Structures are given as structure tokens and as C-alpha cells.
Amino acid sequence: MKKILITGALGQIGSELTTKLREIYGTDNVVATDIREADSPVVTGGPFEILDVTDYEKMLMIAKKYQVDTVIHLAALLSAKAENNPQLAWNLNMNGLMNALEVARELDTKFFTPSSIGAFGPNTPKDLTPQDTIQRPTTMYGVNKVAGELLCDYYYNRFGVDTRGVRFPGLISYVTEPGGGTTDYAVEIYYEALKKGSYTSYIAEGTQMDMMYMPDAVNAIIQLMEADSEKLVHRNAFNITAVSASPEDFEAAIKKQLPEFTMDYKVDPVRQKIAESWPNSIDCAAAKDEWGFEAKYDIDKMTTDMLEKLREKLG
Ligand code: AKB
């Protein structure tokens, strides 16, 4: 990776990945794009262009202008939002991906896009979900993610585009809040713990899902993109995870540092149904074997860092 184009750079992953990539590869070598502008280091700290990913011509123009050799395509609608507006989700998630893959094919660039634990469904094995298994998701987001994994494989096999990707679990970060995911509760809980000392979870007690702290997610992207292509068997949909946790696991971890913290439940049926259709825990043996994936943050280490960083942020 020498010159990188990022779509959806102001989103939850993009805002931390852009900064990290600029540190490693040089400010001018990481071109951030998003559909909107914002008061953010992503916009002010290096090249930035407005881009709606459904506009293929503009995406190609920007990629040519900066002569990029890598496209990191992050722009997407998350699971809960996609469920509320399936047509918009299909348009953004599928046509955006197709455009980004076409740009990569046209300019012969490397390519990364994330899949998700949302690519699994209710009849997928729930515990230690294997890398290669049944994928019959029941959400629009899941349908998009499975189709995306297959499309990326297709572009590799048919056109030789060097496509790579991971199935992200719920991502937790203090920099940018996620927008419209099912796992967002695991971010909200930290904000509310500091602001109010309590949290009302929209996910029911006992519902386990995979989670990961953003520094591990950012490192995973870089490590996979720098991995020896010859060693990659799965390429586009590596299971990766750090923590399998339910709301009460977060409650317990927060209580270790804020003993007064309390939690109750008001379950949102839409997001609960999505959560129940996803695995409890996924197996990331293939990512470990093929490119050395390793997460550094468990729930306690992540909680300590989240609370410390959020305290500074919230003053
Ligand atoms: C979501 O909840 O939609 C995302 C995801 C797991 O892909 N965080």
C-alpha cells in the first residue's frame, strides 16, 4: 500500500483508520472521502474529497487524480438502519461496493472491504462459528454482506483484483460513535456509564455477540492488507473477534471501575431479533493461520481504556 483511497472515512472505522494510515504511510498518501464534510482531522489532516459511493464516475475520477494503488471501501449502512430501509441499503451497500470494485479493477489496485458477523443467520452454528459454514442471513444487511463476500471473491477469481476482507464483530470505540448497528449498545453503555451512571440496554440479558476494540480492528485491516497474497486462502471473509460478550458482561466490566453503575433493560424487538440471528462467538483460526491475526484487548483492558479516553473526551 503506497497511495490509499478510503470511502466512508468519517464513519466509525474510517475516522480511526484514516489517522493511523496517515501516520504509517504519510499524510498525503491517504485520501479520505465521505458523502459529507465534518469538523474532523479526517477532513483537515490530509487530502479529503466529497464522494457519494453510488457515483462511479466521481469515484474513478478521484482515484485517478491521486493515482491510488489501494481502495479501502467502508461506506455502508449498518444492520438496524438497513432493516428500516432495505431499498436504500441495497443501493448503497451493493451498488457502492460494485462501483468500488470496478474502480479497483480499472486501475489495478488492491482492495479491502469489511464483511460482518451479520453475514451469518439463525441456522448457522452459534458457538465457535466456523470460517466456512451455513450463511443464510435473515436481514437485508446480512444479504448484502454475503453477496459482498461472494462479489469480492468473484473479482479476485475472474479479474485478478487483489481483494481482501474480514468479518467484523461489533466494534467499540471512543472516537466516533457507530450509526445504526445492532451492536451499538456496547458503545452507548460506556457513554451513559460516565454521563448518568446507568444504562438501559435495548439488547436482552444473556444475548451474546462478538465484539472488538477499534485499535485491534484497525491493526487487523493493516495486517491483512500487508499479508503475503500467496498465503491467503479465504481472502474476503476472515472471521475475526476479540470478545464474546452479553450486556451483563459489559455491566460487570464497568462495575469493576465504577461500582455504582447500574443497568436495566428495555428490549428493542427489531435489534433483538437481529442479534439472536447472529452467532454467540466465532472461530478465527483461519485469520490466525493465514495472516497471524491476534487481538490485544479483552473486555477488561478495553473497558479501562474506553473509560479513560471517554473521560478526557467528555471532560
Ligand atoms: C452492526 O451491528 O450492524 C455492525 C456489525 C456487527 O456489522 N456493528
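Rules of the game
Residues numbered from 1 in each chain as written. Predicted model: local features only at pLDDT ≥ 70, side-chain atom pairs only at ≥ 80, totals over all residues. Heavy atoms only, no water. Near = heavy atom within 4 Å. Polar contact = N/O pair within 3.5 Å; in protein donor to acceptor, adjacent residues only side chain to side chain. Areas by Shrake-Rupley, 256 points an atom, 1.4 Å probe, with all protein chains shown as cover. Nonpolar A, V, L, I, M, F, W, Y, C, P; charged D, E, K, R; others polar. Domains from an automatic or database assignment. Helix = DSSP H or I, 4+ residues; strand = E, 2+ residues; numbered from the N terminus. Expected span 1.5 Å × (residues − 1). Buried < 20%, exposed > 50% of the residue type's maximum accessible area, 1.4 Å probe, protein only. Core = buried A, V, L, I, M, F, W, Y, C linked by side-chain atoms within 4.5 Å. Contact = heavy atoms within 4.5 Å. Phe/Tyr/Trp six-rings, centres within 6.5 Å; stacked < 30°, edge-to-face > 60°. Lys NZ or Arg CZ within 6 Å of the ring centre and 35° of its normal. Pairing = 2+ DSSP bridges. Axes fitted to C-alpha atoms, helices over the stretch in contact; angles between N-to-C directions. Salt bridge = Lys/Arg side-chain N within 4 Å of Asp/Glu carboxyl O.

1. Some remarks on the site of the ligand
Part 1: In the vicinity of the ligand, the contacting residues are L78, S79, S116, I117, Y141, P169, G170, G181, T182, T183 and W278.
Part 2: At a separation of 2.7 Å, an oxygen atom of the ligand approaches a polar side-chain atom of S116.
Part 3: Residue T183 places a side-chain N or O atom 2.9 Å away from a nitrogen atom belonging to the ligand.
Part 4: Burial of the ligand by the surrounding chains reaches 94%, relative to a free accessible area of 260 Å².
Part 5: Of the residues in the shell around the ligand, the class split is five nonpolar, six polar and no charged.
Part 6: The two domains that each donate at least three residues to the shell around the ligand are domain 1 (4-170 + 213-239) and domain 2 (171-211 + 243-280 + 296-314).

2. Some words on helix α8 (residues 214-226)
Part 1: Between its first and last C-alpha, α8 extends 18 Å over 13 residues, near the 18 Å set by a 1.5 Å rise per residue.
Part 2: Looking at α8, one finds that the buried residues are M214, D216, A217, V218, A220, I221, I222, L224 and M225.

3. Observations regarding the nonpolar core
Part 1: Counting 61 residues, the largest nonpolar core has F111, I172, Y185, Y190 and F250 as the members making the most contacts within it.
Part 2: Top contributing element to this core by residue count: helix α5 (residues 86-107), with eight residues.
Part 3: Both domain 1 (4-170 + 213-239) and domain 2 (171-211 + 243-280 + 296-314) contribute no fewer than three residues apiece to this core.
Part 4: Setting aside chain neighbours within four positions, we find Y185 in contact with Y199, S201, Y202, I203, M209, M211, A245, S246, P247 and F250.
Part 5: A32, V166, A220 and I222 belong to the second-largest nonpolar core, a separate cluster that totals 38 residues.

4. Re the packing of aromatic side chains
Working definition: an aromatic ring pair is given by the centre-to-centre distance plus the angle between the planes.
Part 1: Applying the stated criterion across every chain yields a total of nine aromatic pairs.
Part 2: Judged by centre distance (6.1 Å) and plane angle (70°), the rings of Y154 and Y155 are edge-to-face.
Part 3: With relative accessibility at 40%, the residue Y154 sits in the partly exposed group.
Part 4: You can call Y155 buried: its relative accessible area is 2%.
Part 5: Three or more aromatic residues link up through ring pairs in this structure, and these residues are Y185, Y190, Y202 and F250.
Part 6: Across from the ring centre of Y156, 3.9 Å away, lies the NZ or CZ of R235, which sits over that ring.

5. Focus: the sheet that holds strand β9 (residues 170-172)
Part 1: The strand order across the open sheet formed by three strands is β9-β11-β13, and the pairing between neighbours is mixed. Of all strands in the sheet, those bounded by a partner on one side alone are β9 and β13 (243-245). Strand-to-strand, the axes of this sheet are offset by a mean angle of 40°, without reference to chain direction.
Part 2: Both β9 and strand β11 (residues 209-213) contribute to a ladder of three bridges, which runs parallel. Of the residues in β11, the one forming a bridge with G170 is M211.

6. Remarks on the pattern of salt bridges
Part 1: What the rule picks out here adds up to eleven salt bridges.
Part 2: The closest approach of N and O atoms between R36 and D34, which form a salt bridge, is 4.0 Å.
Part 3: Relative accessible area serves as the criterion here: at 42%, R36 is assigned to the partly exposed category.
Part 4: Across the pair R167 and E149 runs a salt bridge, and its minimum N-O distance is 2.8 Å. Of this pair, R167 sits in strand β8 (residues 166-168) while E149 sits in helix α6 (residues 140-159); the two residues are 18 residues apart in sequence, bridging distant segments of the chain.
Part 5: Counted as one network, the salt bridges with shared partners bring together D162, R164 and R235.

On their own, these measurements won't tell you what the molecule is for.
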